[in-house]
Amino acid sequence: MDFGIWFLIGAALVFFMNAGFAMVESGFTRVKNSANILMKNLADFSLGTLAFILIGFSIMMSEEYVSGLIGVPNLGVFTDFENFDYANFVFNLVFCGTAATIVSGAMAERTKFSAYCIYSVVISALIYPVEAGWVWNDNGWLATMGFIDFAGSAAIHMVGGICGFVGACFLGPRIGKYSVDKATGKKVAHAIPGHSMSLGALGCFILWFGWYGFNGAAAGDVKQMGSIFMTTTLAPAAALVATMFFTWIKNGKPDVSMAINGALSGLVAITAGCASVDALGAIVIGLVAGIIVVLAIELIDFTLHVDDPVGAVAVHGVNGIWGAVAVGLFAAPVITGDGSISEDLGLFYGGGLHQLGVQTLGTAAILVWTTVVAGILFFVVKKLKGLRVEPEDEVVGLDSSEHGLITTAGDLMPMTSADLQMIGATKAASASAAAASVASSVSVSTTDSSSGKKLTKVTIITRRSMFDALKNAFDQIGITGVTVTNVLGYGLQRGVQKYRGVVLESQLLPKIQVDIVVSKVPVELVVETAKKVLHTGNIGDGKIFVYDVENVIKVRTGETGYDALQDSAAAK
């Protein structure tokens, strides 16, 4: 078998894993952000390719390597194309792209696309090439120490996961992800489910398939490649089973999304030792990874309160650490690519603490480098440009706000109160002031007589993001009940959007319809309050409709008219 050809086929399989990442991340997030996720995955690889060929590849694999730490950049691909190592470049490029794309899941649903592009260039040009050179350049200081990371549990997956964790810390959580329990004063996490487990599962299978190239492309012969394929199958299978039964016992039902993450965690964990462990070692590594991923997701979400929509930090970051360290425990006397028997044995196979020490030191060094540089990067970008989109843009969805694309399926999805929580908090004070101002300028009758009371329906159609401000203002004037409906429509401007450069007219835009029937509270007060709260002077502020109502019947008591609108708390 020509392993030069297999080397490039393996690289192609790794490239195809980008489709798997896109599907998992899209499926685990809300549909209103799905196009943004896909765009990030496309931009990751494309921007990364240019950054890697200009500087990253030479930093990583240069023969002029300074003190075992960094290669001297050169433009050999442009100055000496005939002698350039094309295959090695493509092979290392697709792995670099994998490290970059992991981060998009952890920072999903609230990151500015322009800021994310800056990160994508920096990780491909600097963060990944430096530490990957330590591991895979023959002159790298970790390579000379005997650090084993065959396909990148630490050098790729941990790096992507840690960058994602640092980025998520700087970003803060999504709107509605956390709230404070008034009784205990503690922060409480809320679930924000993804829109498609089908896409998530499809992405998992694509990634698993591509992982045979990810781990197996560097095999030296057929026998070693067969061993790698076996360990790459056993570990994720064991991890998925462990996650499935662990969540089944813990929560009463097997968790589908956790099981998907479980399989991926097993793949990540076996990546470092895929060519160094035997069948038993692979199974144990997978079983442990399947438990770790659940505990890590809960720790990050419930205790650290870092919002990671897809579990990327736990899958790649935490299990990348586990996979690299596990080599020091389970490295077995297996056949290497040159046909010899490996002498780098783990603790459980008679190798003592040496290899475990090397693995721990190398993993820690990569961890520190990544954390420091990613922290500096996100700090600078946040200060100079800003990392996060505006709250209103986040509520509407990044497909619309970042790319001008209205996702039809997303328009039909109901918007929860959690989506509006932050916007309501930021506008509550202004809403209260508006209501007080209107109330002071409108004459309000306080008579309790029900005789001759007119019934009026007020219908307001406006932006979804204005609901909490409107509700708070109505509370101030004594409105105790409203009906809210998600609706679609367009006005005189006809919701003009562009798709692929072509104008789409009559595009249905998502709005809310707020209906109130009033009797005791003057209609003028309701209308003026709504106008005061909703007015921005921009297109889309909304419209208010006023109708006469013939009668109201309260089903529970049989009361009609004015009396039907009253309750024990207050009168409308």
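Above this text sits the structure in question.
Undergrad: I keep staring at the overall build of the chain and nothing clicks. Help me out?
TA: When its secondary structure is counted, the chain shows 20 helices and 10 strands. In the chain, once contacts between residues fewer than 6 apart in sequence are set aside, the share between residues at least 24 apart is 78%. Total accessible area on the chain stands at roughly 24500 Å², and carbon and sulfur atoms take up 64% of it.

Undergrad: Would you explain the sheet that holds strand β9 (residues 509-518) in this entry?
TA: Where strands meet in a sheet, backbone hydrogen bonds hold them as pairs that are either parallel or antiparallel. Strand order in this open sheet of 4 strands is β6-β9-β5-β10, and the pairing throughout is antiparallel. This sheet does not close on itself; its edge strands, each paired only once, are β6 (483-489) and β10 (543-548). Strand-to-strand twist across the sheet, computed as the mean angle between neighbouring axes with direction ignored, equals 25°. As judged from the 6 bridges shared by strand β5 (residues 456-462) and β10, these two strands associate in the antiparallel manner. Note that in β10 the partner of I460 across the bridge is I544. Sitting on the sheet, helix α18 (residues 467-476) touches β5, β6 and β9, and the angle it makes with β9 is about 10°. Here helix α19 (residues 523-534) sits on the sheet and contacts β5, β9 and β10; the angle it forms with β5, its principal contact strand, is near 5°.

Undergrad: I tried to follow helix α10 (residues 256-271) on my own but got confused; where do I start?
TA: For the α-helix, the turn length of 3.6 residues means that residues three or four positions removed from each other point alike. Across its 16 residues, α10 extends 23 Å between first and last C-alpha, which sits within 8% of the 22 Å expected from 1.5 Å per residue. With 14 of 16 residues buried, α10 is to be regarded as a mostly interior element.

The rules behind the values
Residues numbered from 1 in each chain as written. Predicted model: local features only at pLDDT ≥ 70, side-chain atom pairs only at ≥ 80, totals over all residues. Heavy atoms only, no water. Helix = DSSP H or I, 4+ residues; strand = E, 2+ residues; numbered from the N terminus. Contact = heavy atoms within 4.5 Å. Areas by Shrake-Rupley, 256 points an atom, 1.4 Å probe, with all protein chains shown as cover. Pairing = 2+ DSSP bridges. Axes fitted to C-alpha atoms, helices over the stretch in contact; angles between N-to-C directions. Expected span 1.5 Å × (residues − 1). Buried < 20%, exposed > 50% of the residue type's maximum accessible area, 1.4 Å probe, protein only.

Take it as geometry only, folks, not as evidence of what the structure does.
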